[in-house]
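Notes for the structure review
Spelled out, the chains give:
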Amino acid sequence: MPMKPLKHILFSGVIAATLIGGTSALAAGLDADGLKSGTGQILSDVSTLAGIGEFEDTDGAALQAAFRSPGSVLQLADGSILIADTRNHVIRKLKDGQVTTFAGPALAVVKNAQGFPTGGLLDGKASEAFFNEPMGLALDAKGNVYVADAGNHAIRKIDVNGIVSTVAGNGIPGNKDGNGSEATFNHPSDIAASADGTLYVADSLNHTIRKIAGDGRVTTLTAATTRVIQVRPGEASFAGEYHDGSLSTATFNEPSGLALDGKGNLYVSDTGNQRIRYIDLDAGKVSTVAGSTPTVSASAIYGKNELYAGGDYADGEALKAKFDFPKGLTVTSEGGLLIADSLNHSVRYLLNGQVTTIAGTPQTGEADGVEQSAAFYNSSDVLVSTQGNLVVADASNNKIRKITPYQLPETVSNDGQVKVVSGNKLISFDAQPEIQDGRTMVPVRAISETFGYKVTYVERAGKSVVQLSKGDLTVELTIGESGITRMQAGLPDLKVETDVAPYVKQDRTYVPVRFFAEQIGLDVQWQAEVQTAILRVK
């Protein structure tokens, strides 16, 4: 059944890259177009796009392919998805349901003592080039791909002819400005390409934001850290800091995600500070736009010898919201910011001064499903495809996941009739569903058969009982009485109170759809404007 298109997809990937560059391709108006639950949750379905979950390096059909800690995703003009397969030290490509190696050797040339691939630094043809823990990816207006090659402490380029070159850095960690290979980085984790060709780099272990001009000149935009901690007895190290204000004096703590907005300014995942920062490049100012952490003494946000501020989880007002190592970012067409909140194992959304959770929970897992019933394990990057779906690098699950904003079938309209939808299919009833006492009542046979349940009527103590059975699960309702009994083999019977009773009308038995659906594990949502109950498998 056809679905309604999202209205707020404004530009193709190519045009978006031309306008604002890099990973901040304009995306769907998730809040404006998305259907919402009664609590304001944007409805969506999470599925696996690629990867079997094994820590391996296998090309082939998407759902049989294997990755090792995919760290970043990027969409090309042809709709394909590039994946920084970090621990395999290659860039992979997902197109038409197939995963191939886009850059780097298709088979590991050198392996370590544990049998895992090792990286290297070598320019040349894409199939012959070597990377070392590639992480962030960006696309410029000409179609060139840039790679934050973290383990090589370098920024690499894959041009449209498939030739890999090193833009800046030389494989040796350091913190030096200069031209091309004279400059040094320390574990750069992400990169963004502006419309004029300027590159911005999250130089994570230098705790700075760097800039690479079109001529290859590298400069540091933010202040160096001065905080020193003891990492182990007798060994000290510089650690990140947190200061807003002028760009030249602002400080960060392991920034690891970047996204340019429509004004050409820069959002930063300030990972070690558990915040989202904003750099107004024209004004030369840095501000915090989301995230908070407790102070541990006076105004300090770090404990003694602590590398990072404390992470946590909370939605709500942006400057009171809490993150736990936020990483990849994507700007949407409605001015929102999607955030891969890695150690909260979720995808969050910053819009109009509020932070909400799109999908996932702070608990790890790999289950597909709806919104917070789905689970991730170290979500490290997110993009919005030109089709309006969210694509997530689910690093510790070794998968690429897809979040599809839920849409009603196109045939659903405000026709004054009560309707029930299963997934994206309108359920056909032989008698019209109706509202009784504020509850959606449906003919039992059609709703049960839709989900594969057998309907049986029994008489018990002079009362008519409806039993809906599938496998070892039976849901029992009594005509004229409220309450549902859930019976499953090996478990005690569970009586659930309801505020409405089944009834018989025109030889049809009507049951409350919400209570039945919830007892068989379905998510139930009501869309009042079209009088439609939505049933989805959790």
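Definitions and limits used
Residues numbered from 1 in each chain as written. Predicted model: local features only at pLDDT ≥ 70, side-chain atom pairs only at ≥ 80, totals over all residues. Heavy atoms only, no water. Helix = DSSP H or I, 4+ residues; strand = E, 2+ residues; numbered from the N terminus. Contact = heavy atoms within 4.5 Å. Areas by Shrake-Rupley, 256 points an atom, 1.4 Å probe, with all protein chains shown as cover. Buried < 20%, exposed > 50% of the residue type's maximum accessible area, 1.4 Å probe, protein only. 1 Å grid on protein atoms, 1.4 Å probe; cavity = no way out; pocket = protein on both sides within 12 Å on 5 of 7 lines; lining within 4 Å. Points joined across faces, edges and corners; volume = space filled by probe spheres on them. Nonpolar A, V, L, I, M, F, W, Y, C, P; charged D, E, K, R; others polar. UniProt positions renumbered as here; feature names shortened; annotations may be inferred. Core = buried A, V, L, I, M, F, W, Y, C linked by side-chain atoms within 4.5 Å. Polar contact = N/O pair within 3.5 Å; in protein donor to acceptor, adjacent residues only side chain to side chain. Pairing = 2+ DSSP bridges. Axes fitted to C-alpha atoms, helices over the stretch in contact; angles between N-to-C directions. Domains from an automatic or database assignment. Buried area = accessible area lost by both parts, 1.4 Å probe. Salt bridge = Lys/Arg side-chain N within 4 Å of Asp/Glu carboxyl O.

Going by what an unreviewed UniProt entry lists, the protein is known as Copper amine oxidase and is assigned to Paenibacillus oryzisoli.

**Considering the overall build of the protein**
For the protein, the count of helices and strands is four helices and 45 strands. When the backbone C-alpha atoms are referred to their principal axes, the protein occupies close to 90 × 55 × 45 Å. Relative to all contacts within the protein whose residues are 6 or more apart in sequence, the contacts with residues 24 or more apart total 48%. Split by element, the accessible area of the protein, about 21800 Å² in all, is 50% carbon and sulfur.

**Quick word on unusual backbone geometry**
Here Asn398, not a glycine, exhibits a phi torsion of approximately 55°, which is positive. Even without a glycine there, the phi angle at Ala461 is positive, about 55°. Along the polypeptide, Ala461 turns up in the loop between strand E37 (454-460) and strand E38 (463-470). Among the residues examined, Ala461 registers a relative accessible area of 77% and is labelled exposed.

**Observations concerning the layout of surface pockets**
Of the volumes computed, that of the largest pocket is approximately 470 Å³. Around the largest pocket sit 28 residues that line it, and Met135, His187, Ser189, Ser256 and Lys327 are the ones nearest its centre. Among the secondary structure elements, those contributing two or more residues to the lining of the largest pocket are strand E3 (70-75), strand E8 (134-139), strand E13 (188-193), strand E20 (255-260), strand E25 (326-331) and strand E30 (379-384). In terms of residue class, the lining of the largest pocket is made up of eight nonpolar, 14 polar and six charged.

**Comments concerning the UniProt feature "domain: Copper amine oxidase-like N-terminal" (unreviewed entry) in the protein**
Within the UniProt annotation, "domain: Copper amine oxidase-like N-terminal" (unreviewed entry) is assigned to residues 423-534. Between the C-alpha atoms that bound residues 423-534 the distance is 7 Å, and the span itself is 12% helix and 50% strand.

**Remarks on the nonpolar core**
Counting 31 residues, the largest nonpolar core has Val420, Ile447, Leu468, Ile520 and Leu535 as its most contacted members. Listing elements by their share of this core, those giving two or more residues are strand E36 (439-443), helix H3 (444-450), E38, strand E39 (473-478), strand E43 (508-512), helix H4 (513-519), strand E44 (522-527) and strand E45 (532-537). The biggest single contributor to this core is H4, with four residues. Here Ile447 is in contact with Val420, Ile427, Phe429, Val442, Val511, Val513, Phe516 and Leu535, once residues within four sequence places are set aside. Counting 17 residues, the second-largest nonpolar core is a separate cluster that includes Ile42, Val46, Ala374 and Leu390.

**Thoughts on the environment of Asp78**
Along the chain, the position of Asp78 falls in the loop between E3 and strand E4 (81-85). For Asp78, a relative accessible area of 40% translates into the label partly exposed. When the C-alpha atoms of Asp78 and Arg156 are compared, they prove to be 22 Å apart, with 78 residues separating the residues in sequence. Residue contacts for Asp78: discarding those within four places in its chain leaves Lys93 and Lys95. Of the polar contacts made by the side chain of Asp78, one reaches the side chain of Lys95; its length is 3.4 Å.

**Remarks on the sheet that holds E38**
Overall, antiparallel pairing links the five strands, which are arranged E37-E38-E39-E40-E41 in an open sheet. Edge positions in the sheet fall to E37 and strand E41 (494-496), since each of these pairs with one other strand and no more. On average, adjacent strands in this sheet sit at an angle of 25° to one another, irrespective of strand direction. Inspection of the sheet shows E39 paired to strand E40 (residues 484-488) by five bridges, in the antiparallel sense. Within the sheet, the bridge partner assigned to Glu476 lies in E40 and is Thr485.

**Considering the domain arrangement of the protein**
When the domains of the protein are assigned, the result is domain 1 (30-106 + 119-405) and domain 2 (419-537). In this structure, domain 1 and domain 2 have C-alpha centres spaced 45 Å apart. On the side of domain 2, seven residues touch domain 1, which itself brings nine residues to the contact. For the pairing of domain 1 and domain 2, the buried interface totals around 550 Å² over both sides, and the portion due to carbon and sulfur atoms is 50%. Counting the surface domain 1 buries against domain 2, the share from its top three residues, Leu35, Leu43 and Val370, is 60%. Put simply, domain 1 and domain 2 have two salt bridges between them. Put simply, Arg536 and Asp45 hold a salt bridge, and the shortest N to O gap is 3.6 Å. Among the residues forming the side of domain 1 that touches domain 2, the class breakdown is three nonpolar, three polar and three charged.

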